[in-house]
Amino acid sequence: MPGIAIIGAQWGDEGKGKVTDLLAEHAEMIVRFQGGNNAGHTIVRDGEEFKFHLIPSGILYADKTCMIGNGVVLDPRILLGEIDGLRRRGVDVGNLKISANAHLIMPYHVLLDTAGEVKLGKLSLGTTRRGIGPCYADKALRLGIRVQDLLDEKILRTKIRTALEPKQQALRELSVQRRKLRKEAGEGAAPRSEQAIEDAPDPRLDLHTMTEEYVSYGHRLEPHIADTARLCWDALDAGRTVIFEGAQATLLDLDHGTYPFVTSSNPIAGAATVGAGIGPADIDEVWGVAKAYATRVGAGPFPTELGDAVGRHMVERGHEYGTTTGRERRCGWIDLVALRYAVRLNRMSALAITKLDVLSGLETLRLAVRYRSREGAVLDRFPYHQSILHGVEPEYEEMPGFESDIGECRTEGDLPRQARDFLAYIADFVGVPIRLAGVGPGREQSVMLN
Ligand code: IMP
């Protein structure tokens, strides 16, 4: 079973890093294929916590090749920070390979992301403000700067100049906005949304400065730059296991998620082909990762969202604060209508259900099994029309909860009957087996099923 894609089945933060880390033990290679440092993976190894935004989760294994595929948008400053951080903790990063075709997040992408959000005001998407959308936009406009461009100063300078040219108007507006905000801040505190612009990194928009800065990143990254697609083919053709590690998740997919409240890439399994440079037949298994409940950060529809004590229980017990932005996540019951959609869209072959332990202590567990539209229609399928999705009310199946702490459970038989019934209900409803249940943040806090 050489090619395995690991995909977020909800709105992100499902614990894909932990699942990837566990499966990576049997793999030779781990490849990230989309997204950028909007993602955040936390891995706990022997009580030590590691947080990554760009580096694939397999990096903690000395003998695995970890790759950043062509579909990723890469902020070199952040990547080098992660490399330095790992080196300081004694982790060897010699096995990290970066696609020469991956696109680079530039300082203007970060500024334009923030400016776009501020401009949208109440309609803002709640992006991570890491420059993801503007970078993918430049890629589609063929104005992107790629990793390979770092290796030729002349080409780099010309490409930055060309990419900056059509942005001059927006960047001029931004500096006027900045001046205005500074002036206003002198007369009184700036509103919170506007404060974000003040907090944005320095513009560093001078062509010469930017080119110098990126050339220096190129020198440091050069030993890692490689033809990552070919490395993937070699491993797959030799029958070795390659994991395609998704970031974000299905419902944040640019095409199939809750547009426009989505990210600017395709986190679904099909996109692993484009973002890593492989064929569809190279993917033998698709593992979906879902929490035992649901969370979302940023704006957008979330039918099962809770604003009550149970929601607080999930935030607190589940430590539901973003790895990347620290924002509190919105929490709610598991949504099986949305999960079944994700299972089909990705043609998942297995599910991993994480954070089951967070539900302990709740008297009753709920699972959304259908929606009711504003007009009273019963919807068994995830609606494709946003106006309908925004207005739906979920209808729930109720199941008895479990009291005991399950953090020490290691086999299916150790789990309380109610927890097993809960998992069985999910598997039966969505039609794929649950192969792993997470019962705590530690790598060993996992129960293998089936
Ligand atoms: P962007 O990806 O920064 O453009 O943000 C677009 C939307 O995706 C926002 O709602 C973000 O909160 C959300 N998002 C992006 N990355 C992640 C992630 O890794 N986990 C959860 N949500 C994310």
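The structure this text deals with has already been given above.
The model shown is predicted, which means the values in this text are computed figures rather than measured ones.

**Some thoughts on the pattern of salt bridges**
Here's step 1: Taken as a whole and assessed by the stated rule, the structure comprises 23 salt bridges.
Here's step 2: For Lys167, the salt bridge is made with Asp138, and the minimal N-O distance between the two is 2.9 Å. Here Asp138 lies in helix α4 (residues 132-141) and Lys167 lies in the loop between α5 (153-164) and α6 (168-187), a separation of 29 residues in the sequence.
Here's step 3: A cluster of three or more residues bridged by salt bridges with shared partners is formed by Asp13, Lys291, Glu320, Arg329 and Lys355.

**Notes on unusual backbone geometry**
Trans peptide bonds make up most of the peptide bonds, and negative phi angles are found at most residues other than glycine.
Here's step 1: That bond from Tyr259 to Pro260 is cis: its omega, 5°, falls within 30 degrees of zero.
Here's step 2: Secondary-structure assignment places Pro260 in the loop between β10 (242-245) and α10 (271-276).
Here's step 3: With a phi close to 60°, Asp13 is a non-glycine residue in the positive phi region.
Here's step 4: Within the secondary structure layout, Asp13 lies in the loop between β1 (3-8) and α1 (16-24).
Here's step 5: Classification of Asp13 as partly exposed rests on a relative accessible area of 25%.
Here's step 6: Residues other than glycine seldom take positive phi values, yet Gln248 does so here, at roughly 55°.
Here's step 7: Its location among the elements puts Gln248 in the loop between β10 and α10.
Here's step 8: On the basis of relative accessibility, which here comes to 9%, the residue Gln248 falls in the buried class.

**Side note on the site of the ligand**
Here's step 1: Taken together, 15 residues sit near the ligand, with Asp13, Asn38, Thr128, Thr263 and Arg327 positioned nearest.
Here's step 2: In the model, an oxygen atom of the ligand is placed 3.3 Å from a nitrogen or oxygen of the Gly126 main chain.
Here's step 3: A distance of 3.3 Å is found between a nitrogen atom of the ligand and a side-chain nitrogen or oxygen belonging to Gln248.
Here's step 4: In isolation the ligand offers 470 Å² of accessible surface; the protein chains occlude 97% of this area.

Parameters at a glance
Residues numbered from 1 in each chain as written. Predicted model: local features only at pLDDT ≥ 70, side-chain atom pairs only at ≥ 80, totals over all residues. Heavy atoms only, no water. Salt bridge = Lys/Arg side-chain N within 4 Å of Asp/Glu carboxyl O. Helix = DSSP H or I, 4+ residues; strand = E, 2+ residues; numbered from the N terminus. Buried < 20%, exposed > 50% of the residue type's maximum accessible area, 1.4 Å probe, protein only. Near = heavy atom within 4 Å. Polar contact = N/O pair within 3.5 Å; in protein donor to acceptor, adjacent residues only side chain to side chain. Areas by Shrake-Rupley, 256 points an atom, 1.4 Å probe, with all protein chains shown as cover.

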